[in-house]
Amino acid sequence: MAQFNFGGMMEEVIMDEEFPLQKAREILKDEIVAVLGYGVQGPGQALNMRDNGINVIVGQRENSASWDRAVADGFVPGKTLFPVVEAARQATIIQYLLSDAGQMAVWPQIKECLADGNTLYFSHGFSIVYHDQTAIVPPKNVDVVLVAPKGSGRTVRSNFLDGSGINSSFAIHQDYTGNAREKTLALGIAIGSGYLFPTTFTKEVHSDLTGERGVLMGCLAGVMEAQYNLLRKNGHSPSEAFNETVEELTQSLIRLVAENGMDWMFASCSTTAQRGALDWAPRFRDAVAPVFDELYAKVISGEETKRVLEANSAPDYREKLEKELKVIKESEMWQTGAMVRSLRPENRKK
Ligand SMILES: NC(=O)c1ccc[n+]([C@@H]2O[C@H](COP(=O)([O-])OP(=O)(O)OC[C@H]3O[C@@H](n4cnc5c(N)ncnc54)[C@H](OP(=O)(O)O)[C@@H]3O)[C@@H](O)[C@H]2O)c1
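Here, residues in each chain are numbered from 1, in the same order as that chain's written sequence. The model is predicted, so local features are restricted to residues of pLDDT at least 70 and side-chain atom pairs to those at 80 or more, both for listing and for counting; the totals for chains, interfaces and linings are taken over all residues.

Asks: How should I be thinking about the overall build of the chain in this particular structure?
Replies: For the chain, the helix and strand inventory stands at 18 helices and 10 strands. What the globule rule says is 2.2 Å times the number of residues to the power 0.38, and the radius of gyration is computed from C-alpha atoms. Against the 2.2 N^0.38 benchmark of 20 Å for 350 residues, the chain shows a C-alpha radius of gyration of 22 Å, consistent with a compact globule. Principal-axis analysis of the C-alpha atoms places the extent of the chain at approximately 65 × 50 × 45 Å. Put plainly, a residue is buried at 20 or more neighbouring C-beta atoms within 10 Å of its own, exposed at 12 or fewer, and partly exposed in between, counting only other residues' C-beta atoms, which are placed from the backbone. Classification of the 350 residues of the chain by burial places 31% in the buried group. Expressed as a percentage of contacts within the chain between residues at least 6 apart in sequence, the contacts between residues at least 24 apart total 69%. Helix and strand definitions here come from DSSP, where helices need a minimum of 4 consecutive H or I residues and strands a minimum of 2 consecutive E residues; each element is numbered from the N-terminal end. Here contacts are defined at the residue level, using C-beta atoms placed from the backbone and a cut-off of 7 Å between them.

Asks: Please clarify how the packing of helix H11 (residues 218-233) against helix H12 (residues 238-260) should be interpreted in this entry.
Replies: Each pair of packed helices can be described by the angle between their axes along with the distance between the axes. Packing of H11 against H12 leaves a shortest axis separation of 9 Å and a crossing angle of 150 degrees. The hand of the H11/H12 crossing is right-handed. The residues of H12 that touch H11, namely those facing Met224, Gln227, Tyr228, Leu231 and Arg232, are Pro238, Glu240, Ala241, Phe242, Glu244, Thr245 and Val246. Gly is placed with the polar residues, together with every amino acid not listed as nonpolar (Ala, Val, Leu, Ile, Met, Phe, Trp, Tyr, Cys and Pro) or charged (Asp, Glu, Lys and Arg). Partitioned by chemical class, the residues of the contact of H11 with H12 number seven nonpolar, two polar and three charged. Axis definition: a line fitted to C-alpha atoms, over the contacting stretch in the case of helices. Angles run 0 to 180 degrees between N-to-C directions. What makes a crossing left-handed is the near helix being turned counterclockwise from the far one by less than a right angle; a clockwise turn instead makes it right-handed.

Asks: Help me understand the site of the ligand, please; the structure alone is not making it clear to me.
Replies: Nearness here is judged by the C-beta atom: place it from the backbone, and if it falls within 6 Å of a molecule or strand, the residue counts as near that partner. Taken together, 25 residues lie near the ligand, and Gly39, Gln41, Ser66, Ser99 and Gly102 sit nearest. At the level of secondary structure, the elements contributing two or more residues to the shell around the ligand comprise helix H2 (41-51), helix H5 (100-113) and strand S8 (143-149). Residues that form the shell around the ligand fall into these classes: 10 nonpolar, 13 polar and two charged.

Asks: How do you make sense of H11 when you look at a structure like this?
Replies: One turn of the α-helix equals 3.6 residues, which is why residues spaced by three or four share an orientation. What a helix is expected to span follows from its residue count: subtract one and scale by 1.5 Å. The end-to-end C-alpha distance of H11 is 22 Å, a good match for the 22 Å that 16 residues give at a rise of 1.5 Å each. Within two residues after H11, Gly235 carries a phi angle of roughly 90 degrees, on the positive side.

Asks: Where do I start with the sheet that holds strand S6 (residues 93-96) in this structure?
Replies: The strands that make up a sheet pair up through hydrogen bonds in the backbone, lying either parallel or antiparallel. If you trace the 10 strands from one edge of the open sheet to the other, you get S1-S2-S10-S9-S8-S7-S6-S3-S4-S5, paired in mixed fashion. The open sheet has two edge strands with one neighbour each: strand S1 (2-6) and strand S5 (81-82). Two strands pair under a simple rule: DSSP has to find at least two bridges between them. Sheet topology note: the strand S7 (residues 119-122)/S8 ladder contains four bridges and is parallel. What sits directly across from Thr119, in S8, is Asp143. Helix H9 (residues 180-190) rests against strand S2 (9-15), S7, S8, strand S9 (166-174) and strand S10 (193-198) of the sheet, and its axis sits at about 30 degrees to S8.

Asks: How do you make sense of unusual backbone geometry when you look at a structure like this?
Replies: Most peptide bonds adopt trans geometry, and most residues besides glycine take a negative phi value. Even without being glycine, Asn63 reaches a positive phi, approximately 55 degrees. Given 6 C-beta atoms within 10 Å, Asn63 falls into the exposed group.

Asks: Could you clarify how one ought to interpret the environment of Val288 in this entry?
Replies: Looking at the element boundaries, Val288 is found in helix H14 (residues 271-301). On the neighbour-count criterion, Val288 (16 C-beta atoms within 10 Å) is partly exposed.

Asks: Before we go on, may I ask you to explain the pairing of strand S4 (residues 56-59) in this structure?
Replies: Side chains on a regular strand alternate between the two faces of the sheet. Taking every second residue as pointing to the same face, both faces of S4 are buried, with Val56 and Val58 on one and Ile57 and Gly59 on the other. In the sheet, strand S3 (residues 33-36) pairs with S4 via four bridges, with the strands oriented parallel. Of the residues in S4, the one forming a bridge with Ala34 is Ile57. The path from the first strand over the helix to the second decides the hand: if it runs clockwise while the strands point away from the viewer, the crossover is right-handed. Following the chain from S3 across H2 to the adjacent parallel S4, one finds a crossover that is right-handed. As paired strands, S4 and S5 are joined by two bridges and run parallel to one another. Across the sheet, the residue bridging to Val58 is Leu81, located in S5. Tracing the backbone out of S4, into helix H3 (residues 65-72) and back to the parallel element S5 gives a crossover that is right-handed.

Here you go:
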């Protein structure tokens, strides 16, 4: 087991050097892994495992765009693609990758498919941790494990194809067979994780719900919009406001952060920019801190979970989400973004 110093704290990390794909294949060779749900995370994990030689079937409700996508991706109805419950019945390992609201809805049937010694796998601690709301309480005679890729399902697949991988956390909630850890790590390697780091179901869901509502998505969208609006209000053109808010970030500066950290990005900008950024960063940190406190409290209390389950259990939840995303897409800011992207040299040549 390798330990690394993360900012002064020693933490465990599992990589394919010590847990090679061959070992994962060996551990999983007699298992039938059913990936239930072919939404965002399902395709990434299912395709990576299939390419890695794991025995994978997909469970997806029929007559849906997701079913058609699974067929287009080479899963064969009746052979490797089945309705959700049918796939669950055949599985020794169930990867429960329906939407979190979908997991709650279908659980009474999935529970019946779990045989002694099977594995129930999640990519989010949501269903288990908030079991008072989801009513998902697995039987005692199965392993209950988690591998949560720290990225979109799309990048789980694209990073696998370009060889880079996505880091994932892993956790064991219930170890009935005594082999839960080996199986979890094998699954984590098989889905193409860059490295695996330990967590608990509770820590995973608390950090994940905070991160996506915060810096990764909600906060990012909010601060971008605030700056764009400020510049527009003060007479800057849409092109200037967008370039100064989004394009410079995504095409240049965030890449430098990814490459070598925040100080490297700062150091790669003018001393004028550095002086201003160093002065203003603490102002922004302190301004948003109370919002983050409120967000974390709502995650812990289960209020965020309640909101997700209510909204995403509605029969027309997808249409509603799409309607809200359409508003963003059609806003001046993101219409400007579409034009800016189309003018990138690589897109002009197409
Ligand atoms: N999205 C990510 O990148 C990501 C990253 C890390 C972890 N996770 C976790 O991975 C899990 C799957 O997330 P996801 O984003 O892939 O979910 P998603 O895209 O919302 O997946 C939806 C899947 O669930 C099915 N579904 C929804 N409600 C259903 C119901 N009532 N009955 C049957 N099927 C239903 C959908 O079928 P239809 O298409 O037919 O509606 C689709 O196959 C979640 O636990 C999530 O928190 C996701």
